[in-house]
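The primary structure of each chain is shown beneath.
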Amino acid sequence: MRRLTTAALAFGVLLTLLAATPALAAGYRYWSFWDGAGSRWAYATQGPSIARPADGATLGFRFAVSQDAAAEAATPRAAADFEAVCGATAALEGRKRVAVVVDFGVPADAPAGETPPQDTPRTACAQVAPEATAAEALAAVAKPLRYNSSALLCAISGYPKQGCGDQVAQAQPEPKSSAAPAARDSGDTGPSAGLLAGIAAVLALAAAGIWQSRRRNR
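Summarised in this report is the structure supplied together with it.

Thresholds applied
Residues numbered from 1 in each chain as written. Predicted model: local features only at pLDDT ≥ 70, side-chain atom pairs only at ≥ 80, totals over all residues. Heavy atoms only, no water. Disulfide = S-S within 2.5 Å. Helix = DSSP H or I, 4+ residues; strand = E, 2+ residues; numbered from the N terminus. Contact = heavy atoms within 4.5 Å. Salt bridge = Lys/Arg side-chain N within 4 Å of Asp/Glu carboxyl O. Buried < 20%, exposed > 50% of the residue type's maximum accessible area, 1.4 Å probe, protein only. Phe/Tyr/Trp six-rings, centres within 6.5 Å; stacked < 30°, edge-to-face > 60°. 1 Å grid on protein atoms, 1.4 Å probe; cavity = no way out; pocket = protein on both sides within 12 Å on 5 of 7 lines; lining within 4 Å. Points joined across faces, edges and corners; volume = space filled by probe spheres on them. Core = buried A, V, L, I, M, F, W, Y, C linked by side-chain atoms within 4.5 Å.

Within the structure shown, the criterion is met by two disulfides. Disulfide partner of Cys86: Cys125, at an S-S distance of 2.1 Å. The sign of the 110° torsion about the S-S bond sets the Cys86-Cys125 disulfide as right-handed. Taken together, the positions of Cys86 in helix α2 (residues 82-86) and Cys125 in strand β5 (residues 122-128) put the pair 39 residues apart, joining distant regions of the chain. Across the disulfide from Cys154 sits Cys164; the S-S distance is 2.0 Å.

This is the structure:
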């Protein structure tokens, strides 16, 4: 009976330790693509190589580590404001104007050894042919671009130099509070040293309890 009680106690402590560790979710370090709607951003439903923006459209690109979903991806940190970007650019016959916002993100999301080219989003007014795609509008103002073999946009203006949509483990966000946010994990997806030490201690406790129970029963 004592053996079962000791084992149950150790198992309960182990579950508590596991529950206390931060959950990890798979995120991706990538350039997300956005359509401007009024002053808001909407996650694009087509890739930039397929989408053909109309004259007066606003396109946004944001580099970040986030989920590949509209509700989770990080939006550009500038308003989707066509007039603010293209208002001073005269319209030309046979060309369309497309406002382009490029947000290189924050240092915490940069690949190892790299930093964003600038802290604030870059804006430019692209004047392209009426049938031009979003990718062509982007190329007109933010070369060089880099794509992978699957036509996934990997780099804008040469950033980042390497990688393309790499998977990155990230801790689930804590509930919002007035406390300062914790620093981003360096990318280690394994259990923490404290957790491993706790598990080892629990296993040792269980083994000691079972051994003492056997001695008493002899």
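Having seen the model, we can carry on.
Checked against the element boundaries, Pro76 lands in the loop between β3 (57-66) and α2. Considering only alpha carbons, one finds Pro76 and Ala64, twelve residues apart in sequence, at a separation of 9.6 Å. Leaving out residues up to four positions away in the same chain, Pro76 has contacts with Trp34, Trp41, Gly60, Phe61, Arg62, Val101 and Asp103.

Turning our eyes to something else, we now look at the pattern of salt bridges. If you walk through the whole model with that rule in mind, you get two salt bridges. As a salt-bridge pair, Arg62 and Asp103 come within 3.8 Å of each other at their nearest N and O atoms. Taken together, the residues span a long stretch of sequence, with Arg62 in strand β3 and Asp103 in strand β4 (residues 96-103) at a distance of 41 residues. Neither residue differs from the other here; Arg62 and Asp103 are each classed as buried.

This paragraph deals with the packing of aromatic side chains. Counted under the stated rule, the structure contains six aromatic pairs. When the centroid spacing of 5.4 Å and the interplanar angle of 55° are considered together, the rings of Trp31 and Phe63 count as tilted. Taken together, the residues Trp31 in strand β1 (residues 24-37) and Phe63 in strand β3 connect sequence positions 32 residues apart. Taken together, a centroid distance of 5.1 Å and an interplanar angle of 85° make the contact between Trp34 and Tyr43 edge-to-face. Using a relative accessible area of 2% as the deciding quantity, one classes Trp34 as buried. By the ring-pair criterion, three or more aromatic residues cluster together here, those being Trp31, Phe63, Phe104 and Tyr159.

Turning our attention to the layout of surface pockets. Its volume calculated, the second largest pocket comes out at about 370 Å³. Considering each element in turn, the lining of the second largest pocket owes the most residues, five residues, to β1.

In this structure, Trp31, Phe61, Val102, Leu138 and Ile156 are the most contacted members of the largest nonpolar core, which totals 22 residues. Residue assignment for this core shows that the elements contributing at least two residues are β1, β3, β4, β5 and α3 (134-141). If we ignore the near neighbours within four places in the chain, the residues touching Leu138 are Phe61, Val100, Val102, Lys143, Leu145, Leu153 and Ile156.

What follows concerns unusual backbone geometry. In this model, Lys143 is joined to Pro144 through a cis peptide bond whose omega is -5°. Considering the arrangement of structural elements, one finds Pro144 in the loop between α3 and β6 (146-147). With an omega of -5°, the peptide bond between Tyr159 and Pro160 qualifies as cis. Topologically, Pro160 is positioned in the loop between β7 (153-155) and β8 (166-171). The residue Ala151 is not glycine, and still its phi comes out positive at about 65°. Inspection of the secondary structure assignment puts Ala151 in the loop between β6 and β7. Overall, Ala151 belongs to the partly exposed group, its relative accessible area being 45%. With a phi close to 55°, Ser157 is a non-glycine residue in the positive phi region. The residue Ser157 is located in the loop between β7 and β8 in this model.

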